[in-house]
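So you can see what is in the structure, the chains are spelled out below.
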Amino acid sequence: APTLNIIDGITGADLGALPFEPQILAGNTSFYLNKVVVAEDGAIYVGNLSSASTATIQFVLYRYESETGEQTLVYFGDPSNGAATSSQVNGRWGDNLTVRGSGTNTQILLASQGTLAAILTPNSEAMAAFSAQTLATDASSASMADSVSFGTGDTFWAKGNGFALRLLSFDTNAGTATAVQTIGSSTFPSQIGPIAVINSSNLLAGIEISPDEDFVKLYDISDPSLPVFLDRENYHTNVSNSRADGAVCYGGGNLYALNSDNGLMA
């Protein structure tokens, strides 16, 4: 059974696990939980992986108020709100997930394997249920597949392994997101998949996943159109990660980079 483990961010020690029991057996049956993010108020959000091959799109989101909180089902549904059919890549959600804000100002962002994105927000102060606002983007299919990260204001960064880095401006009222920067491989490595942006420091970190060697790379994005390479660290393993699965996050002055089947670096 899948577990949600709590790891000490300084020592790497195992501190236990969150209680987890799939309340709805939906989506991809191998991934009842897939991505985990933590909001500014300490609330923990856990998403499953839906599947484009099922008759209906079934994305599930759980919430824990804290590391000692109980599991609460806050969303079950179709982030595309009917804009995608089950046979389309737009029907697959949960490969990426990010969050910002706290309480009723919480925004959870995710993108499909196709061209759609969505922002989930709480319906009330009870934080017991969330609704999804679908965003139709001008990004190419799969170009947001591996990672999304909020930028400043109503913007977000998106990256798929093998695709350009994009900065998109979104409008929840119009239900759209439009690229304002598209940064190709001559400036930013196309093989970077998972990314995280530290807006307060104008930094972007990403995991470059290639057949030869994998790296965590750090960039200055003071000029969003021209990321400047600052530093890199290499993984000590190189197990094939053909789907470029992983995650990057920042907290407490540390950067954490998870490269699936290759470990977690801090």
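Note that this is a predicted model, so its numbers are computed, not measured.

### Focus: the side chain of R100
So, step 1. The residue R100 is located in strand β7 (residues 98–100) in this model.
So, step 2. Side chain to side chain, R100 and Q107 meet in a polar contact 2.8 Å long.
So, step 3. If sequence neighbours within four positions are ignored, R100 has contacts with E40, N105, T106, Q107, F150, G151, G153, D154 and F170.

### Quick notes on the packing of aromatic side chains
So, step 1. If you walk through the whole model with that rule in mind, you get 7 aromatic pairs.
So, step 2. Their ring planes at 50 degrees and their centres at 4.8 Å tell us that F188 and Y219 sit as a pair that is tilted. Taken together, the residues span a long stretch of sequence, with F188 in the loop between β14 (176–183) and β15 (192–198) and Y219 in strand β17 (residues 215–220) at a distance of 31 residues.
So, step 3. Under the relative-accessibility criterion, Y219 is labelled buried at 3%.
So, step 4. Grouping aromatic residues by their ring pairs yields a cluster made of F150, F156 and F170.

### Quick notes on the pattern of salt bridges
So, step 1. For the structure shown, the criterion picks out 3 salt bridges.
So, step 2. The shortest N-O distance in the salt bridge between D95 and R92 comes to 2.7 Å.
So, step 3. Between D154 and R100 there is a salt bridge, and its shortest N-O distance comes to 3.9 Å. With D154 in the loop between β11 (147–150) and β12 (155–159) and R100 in strand β7, this pair connects stretches of sequence that are 54 residues apart.

### Focus on unusual backbone geometry
So, step 1. Unusually for a residue other than glycine, N202 sits at a positive phi of about 55 degrees.
So, step 2. Locating N202 in the fold gives a position in the loop between β15 and β16 (203–208).

### So, the pairing of strand β13 (residues 165–171)
So, step 1. Counting buried positions over the 7 residues of β13 gives 5, a clear majority of the element.
So, step 2. Of the pairings in the sheet, the one linking β12 to β13 comprises 4 bridges and is antiparallel in character. Considered in β13, the bridge of T155 is made with S169.
So, step 3. Following β12, the chain reverses through 5 residues before pairing antiparallel with β13; G162 in that reversal takes a positive phi of roughly 95 degrees.
So, step 4. Pairing of β13 with β14, which is carried by 7 bridges, proceeds in the antiparallel orientation. Within β14, the residue paired with S169 across the bridge is T178.
So, step 5. Counting the residues between successive antiparallel strands, the hairpin from β13 to β14 contains 4 residues, one of them, G175, with a positive phi of roughly 70 degrees.

### A closer look at the sheet that holds strand β6 (residues 72–77)
Note: strands within a sheet are paired through backbone hydrogen bonds, in either parallel or antiparallel orientation.
So, step 1. Pairing is antiparallel in the open sheet, where 4 strands are placed in the order β3-β4-β5-β6. Looking at strand neighbours, the two that pair on one side only are β3 (35–38) and β6, the edges of this open sheet. Along the sheet, successive strands turn relative to each other by an average axial angle of 20 degrees, direction set aside.
So, step 2. Sheet topology note: the β3/strand β4 (residues 44–47) ladder contains 4 bridges and is antiparallel. In the sheet register, V37 faces β4, and the bridge partner there is Y45.

### Things to note about the sheet that holds β11
So, step 1. Spatially, 8 strands are ordered β7-β8-β9-β10-β14-β13-β12-β11 in an open sheet, and the strand pairing comes out mixed. Each end of this open sheet is capped by a strand with a single partner; those strands are β7 and β11. Between one strand and the next, the sheet's axes are offset by a mean angle of 30 degrees, whatever the strand orientation.

The rules behind the values
- Residues numbered from 1 in each chain as written.
- Predicted model: local features only at pLDDT ≥ 70, side-chain atom pairs only at ≥ 80, totals over all residues.
- Heavy atoms only, no water.
- Helix = DSSP H or I, 4+ residues; strand = E, 2+ residues; numbered from the N terminus.
- Polar contact = N/O pair within 3.5 Å; in protein donor to acceptor, adjacent residues only side chain to side chain.
- Contact = heavy atoms within 4.5 Å.
- Phe/Tyr/Trp six-rings, centres within 6.5 Å; stacked < 30°, edge-to-face > 60°.
- Buried < 20%, exposed > 50% of the residue type's maximum accessible area, 1.4 Å probe, protein only.
- Salt bridge = Lys/Arg side-chain N within 4 Å of Asp/Glu carboxyl O.
- Pairing = 2+ DSSP bridges.
- Axes fitted to C-alpha atoms, helices over the stretch in contact; angles between N-to-C directions.

Remember, this is a structural readout, not a statement about activity or role.
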